[in-house]
Amino acid sequence: MSTIAQMFAYEDGSLAGGYSTENFMEARVNIRLVMICVEICLRNISCMSVFYNTVTKTCRLHENVFYNTDSFVSEAGWHYYRAVGDPKCDVYNGFVHQRDAGFCYRAESDLLTKTLADSACAAKTSALAILDSQKKQDVVVATLNLLSTKAPAAVQETTVEPVLKGCYSTGHVVNIKKELTNIAMTVQMCFAICQPLGKTHTLLEIQIECYCGDLQAAATSFPDLTCNKICADGKWCGNLSGMLATYEHVSTSTAGPSFVGFYIGATLNTATNQWVWRDSVILTYNDFDAADDSLLSETCAVMASDVSYKWYSEACSYTAGYICQVDI
């Protein structure tokens, strides 16, 4: 590709060897040079990228950008280029220039909190996107639908809780050590010490003593009433003479959220209960989902994949992808 052409288009070599029919605008034939193909695209404000075939000299214009070859028709000679409409929109580093909306943006699928997403955009000399029109919303949705990182399958979230296994003597426990004595002892208080230590069991004796250890596989339990002293939380808390109320650390896996969100630059002003953009301008356009029942309780806006990337309010500690914007 010539130096002149590089000033107006970015070639993504990973997408060579085919073309797409999605968001197709028109095709031109007998186009001698790729720079002419790119120039044709730049003359049409809706054109965002082109495919050019160096063998057949065919030029195909498209209204969107592509990130993978999922929708491609394989054919030799094709090369893919994103149009560069403004040098401030750094398409060489993943930004997309939607010239029709005067909008330069980049979608990131790394899952971050809102604060970290702000920092990540700032590191790219950008900020979280202001989607203040239906056109910008549609453009970003089209991009998210084309990303290879679609909404993941439900993530397995694992929790560990102490579950009463029975009453055992100290002789049935290995690696045992007393960690705490407290007159207001609870099972959770002791578990909070034992679980981070990597022990498999939380053990309590005479209502006030916390032990951590690993119960032997062949251990035989005594009747529960042998450990009938009660902790401050009302649970079995051992007895005298080395009898331990023994709680096993049980892991439970549950399905987490089945959608992925993307932060945008809208937050709730809790003083006025109004949603504002990062520049403090009150939203005159929004695409919040009608089913969102937390609009005045959660304070950050995300585009949610499970509702076709309509907006949902989430806690700003939620980990999500994010959309960065360069103001041009």
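Placed above this text is the structure.
Residues numbered from 1 in each chain as written. Predicted model: local features only at pLDDT ≥ 70, side-chain atom pairs only at ≥ 80, totals over all residues. Heavy atoms only, no water.

J.: Explain helix α3 (residues 114–123) to me, please; I cannot follow it from the model alone.
T.: All buried positions along α3 are accounted for by Lys114, Ala117, Ala120 and Cys121. For α3, the angular spread of buried residues about the axis comes to 115°, placing them on one side. Those residues of α3 that are exposed and aimed more than 90 degrees away from the buried face are Thr115 and Ala123. Positioned one or two residues after α3, Thr125 has a phi angle of 55°, which is positive. (Buried < 20%, exposed > 50% of the residue type's maximum accessible area, 1.4 Å probe, protein only. Helix = DSSP H or I, 4+ residues; strand = E, 2+ residues; numbered from the N terminus. Arc of directions from axis to C-beta.)

J.: For this particular structure, what's the right way to read the state of the cysteines?
T.: Cysteine pairs can be linked by a disulfide, which is a covalent bond between their two sulfur atoms. Scanning the entire structure with this criterion turns up nine disulfides. In this model, Cys41 is linked to Cys47 through a disulfide, with the two sulfur atoms separated by 2.1 Å. One quick way to see it: the torsion about the S-S bond of Cys41 and Cys47 is about -105°, and its sign makes the bridge left-handed. Since its relative accessible area comes to 0%, Cys47 is described here as buried. Each sulfur of the disulfide joining Cys300 and Cys316 lies 1.9 Å from the other. Here the S-S torsion is close to 95°, and the disulfide linking Cys300 with Cys316 is therefore right-handed. Of this pair, Cys300 sits in strand β18 (residues 300–304) while Cys316 sits in the loop between β19 (310–314) and β20 (320–326), and the two are 16 residues apart along the sequence. Taking the relative accessible area as the measure of exposure, Cys300 reaches 1% and is therefore buried. (Disulfide = S-S within 2.5 Å.)

J.: Where do I start with helix α4 (residues 134–146) in this structure?
T.: The α-helix advances 3.6 residues per turn, and as a result positions three or four apart in sequence lie on the same side. Helix length check: α4 (13 residues) gives 18 Å between terminal C-alpha atoms against 18 Å at 1.5 Å per residue, within 8%. If you check which residues of α4 are buried, you get Lys136, Gln137, Val139, Val140, Val141, Thr143, Leu144 and Leu146. (Expected span 1.5 Å × (residues − 1).)

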